[in-house]
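Observations on the three-dimensional arrangement
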Amino acid sequence: MTYLETAQMMARTAGSLIKQRMDSGFATEEKSSSFDVVTEVDKASEELIRKGILLQHPDHRFLGEEESFVSGKPLQEVLLEAQNEPFLWVVDPIDGTSNFVQGIPGFTVSIALACRGELTVGVVYDPVLDEMFWAEKGQGAYLNGKPIQVASADQLGRSVIATGFPSNMQARGAVYNGLGRLLEQCRTIRSLGSAARHLAYVGAGRLHGFWENGLNAWDVAAGALIVQEAGGTVTDTRGEAYSLLTRDITASNGRIHEAFVSCLE
Ligand code: 2AM
Ligand code: CA
Ligand code: CA
Ligand code: CA
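This is a predicted model, so every value here is computed, not measured.

All right, on to the UniProt feature "binding site: Mg(2+)" (unreviewed entry) in the protein then. With numbering aligned to this structure, UniProt lists the feature "binding site: Mg(2+)" (unreviewed entry) at Glu 65, Asp 92, Ile 94, Asp 95 and Asp 219. A maximum C-alpha distance of 9.5 Å is found for the annotated residues, which run over 155 residues; spatially they form one tight group. One can find Glu 65 in the loop between strand E3 (61-64) and helix H3 (75-81). The exposure class assigned to Glu 65 is buried, which follows from the 22 C-beta atoms found within 10 Å. Other than its neighbours up to four places away in sequence, Glu 65 contacts Asp 92, Pro 93 and Trp 218. With respect to the element layout, Asp 92 can be found in strand E4 (residues 88-95). Among all residues touching Asp 92, those that are not within four sequence positions of it are Glu 65, Ser 110, Ala 196, Trp 218 and Asp 219.

Under the 1.5 Å per step criterion, the end-to-end length of helix H7 (residues 217-229) is 18 Å for 13 residues, consistent within 8% with the ideal 18 Å. For H7, a buried count of 13 out of 13 residues is recorded, marking the element as mostly surrounded by other parts of the structure. Gly 231 occupies a position one or two residues after H7 and carries a positive phi of about 100 degrees.

Looking at the secondary structure, you find Ile 94 in strand E4. Judged by the 31 C-beta atoms lying within 10 Å of it, Ile 94 is buried. C-alpha of Ile 94 to C-alpha of Arg 116: the two residues are 22 residues apart in sequence and 25 Å apart in space. With residues up to four places along the chain from it excluded, the contact list for Ile 94 reads Ile 18, Val 41, Asp 42, Ser 45, Phe 100, Phe 107 and Val 109.

Below, the discussion takes up the domain arrangement of the protein. With domains assigned, the protein is organised as domain 1 (3-145) and domain 2 (156-262). Once you take the C-alpha centre of each, domain 1 and domain 2 turn out to be 19 Å apart. On the side of domain 2, 23 residues touch domain 1, which itself brings 36 residues to the contact. Looking at the side of domain 1 that touches domain 2, the elements that each hand over two or more residues are E3, E4, helix H4 (97-102), strand E5 (108-115), strand E6 (118-126), strand E7 (131-136) and strand E8 (140-143). Here the residues of the side of domain 1 that touches domain 2 are counted per class, giving 18 nonpolar, 12 polar and 6 charged.

Looking now at helix H1 (residues 3-24). Between its first and last C-alpha atoms H1 spans 32 Å; for 22 residues at 1.5 Å apiece the expected length is 32 Å, and the two agree. Residues of H1 that are buried: Tyr 3, Thr 6, Ala 7, Met 10, Ala 11, Ala 14, Gly 15 and Ile 18. Looking straight down H1, one finds that the buried residues subtend no more than 160 degrees of arc, so they occupy a single side. Pointing more than 90 degrees away from the buried face of H1 are the exposed residues Glu 5, Ser 16, Gln 20, Asp 23 and Ser 24. Along its buried surface, H1 packs onto helix H2 (40-56), E4, H4, E5, E6 and E7. Following H1 by one or two positions, Gly 25 adopts a phi angle in the positive range, close to 90 degrees.

Our focus in this paragraph is the site of ligand 1. Close to ligand 1 lie 19 residues, the nearest being Thr 97, Gly 164, Pro 166, Ser 167 and Ala 195. Of the residues that constitute the shell around ligand 1, the class distribution is 4 nonpolar, 9 polar and 6 charged. No fewer than three residues from each of domain 1 (3-145) and domain 2 (156-262) sit in the shell around ligand 1.

A few words now on the sheet that holds E6. Backbone-to-backbone hydrogen bonds join strands into a sheet, with any given pair of strands oriented parallel or antiparallel. Read across the sheet, 7 strands follow the order E3-E4-E5-E6-E7-E8-E9 without closing on themselves; strand pairing throughout is mixed. The sheet terminates laterally at E3 and strand E9 (146-147), the two strands that pair on one side only. By the bridge criterion, 2 bridges tie E8 to E9 in an arrangement that is antiparallel. Each residue of the ladder has a partner; that of Tyr 142, found in E9, is Pro 147. Set on the sheet, H2 makes contact with E3, E4 and E5; between it and E4 the angle comes to about 150 degrees.

Calculation criteria
Residues numbered from 1 in each chain as written. Chains lettered and ligands numbered in written order. Predicted model: local features only at pLDDT ≥ 70, side-chain atom pairs only at ≥ 80, totals over all residues. UniProt positions renumbered as here; feature names shortened; annotations may be inferred. Helix = DSSP H or I, 4+ residues; strand = E, 2+ residues; numbered from the N terminus. Buried ≥ 20, exposed ≤ 12 C-beta atoms within 10 Å, placed from the backbone. Contact = placed C-beta atoms within 7 Å. Expected span 1.5 Å × (residues − 1). Domains from an automatic or database assignment. Nonpolar A, V, L, I, M, F, W, Y, C, P; charged D, E, K, R; others polar. Arc of directions from axis to C-beta. Near = placed C-beta within 6 Å. Pairing = 2+ DSSP bridges. Axes fitted to C-alpha atoms, helices over the stretch in contact; angles between N-to-C directions.

Here it is in structure tokens:
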């Protein structure tokens, strides 16, 4: 099985588990604060994906949000070492847990493979709409088998931008500041509840841009490759090149990127 096939198969399998469990009830707990929740379905989804990937590729490493350590190492260390890691899978088992908990569609499964720090495969799956976005380094980006590309707008005034509201208060403050400036400049703003879905939508040309502060590698790795392979640009809010350590993600169709970033600095 190719790495892309593994990623797609696990995203689909996890997606049907999540969809099933959405209607059958689940336990929810608070993580770092009352703003930050996790359910037993997040954990079950991650476990299923981890087992499935390691069964196919036993010598690979796995980094998932709900068990965010590899061989007991802290996240920062794992991401710094990722440069030398031949195969590191970076997985968000449910991106948009708040949507899931509220019964709002739009959550996704996000699976990326980084080879020595370079994104090689990215899959974002929306189980409710049955939309599978994927990209492979150098092979373009696709939605349910059809090639996708970013939108062509070259002005913020004709752009629809998305953002999200992370649970960390400092990151929320930064989003608030950017929101104030962008609301004066862009056509309108959306917040759909999943960073991975926002990025996939930038790749598909449904959104012109997306930014959010304080995210982690599992939220954005798969979507970042989809944007890049669809012809877009991914940086941080200062315009620095994307890496697995990027937390203030800023993605666009490329043509609006400079004007977009200048609203966020
Ligand atoms: P999650 O649903 O996987 O937790 C929503 O604005 C985005 O922020 C989602 O991608 C969400 O991912 C993420 N997010 C939620 N809580 C977060 C936290 N404590 N730190 C960083 N990102 C978070
Ligand atoms: Ca979470
Ligand atoms: Ca997430
Ligand atoms: Ca998650």
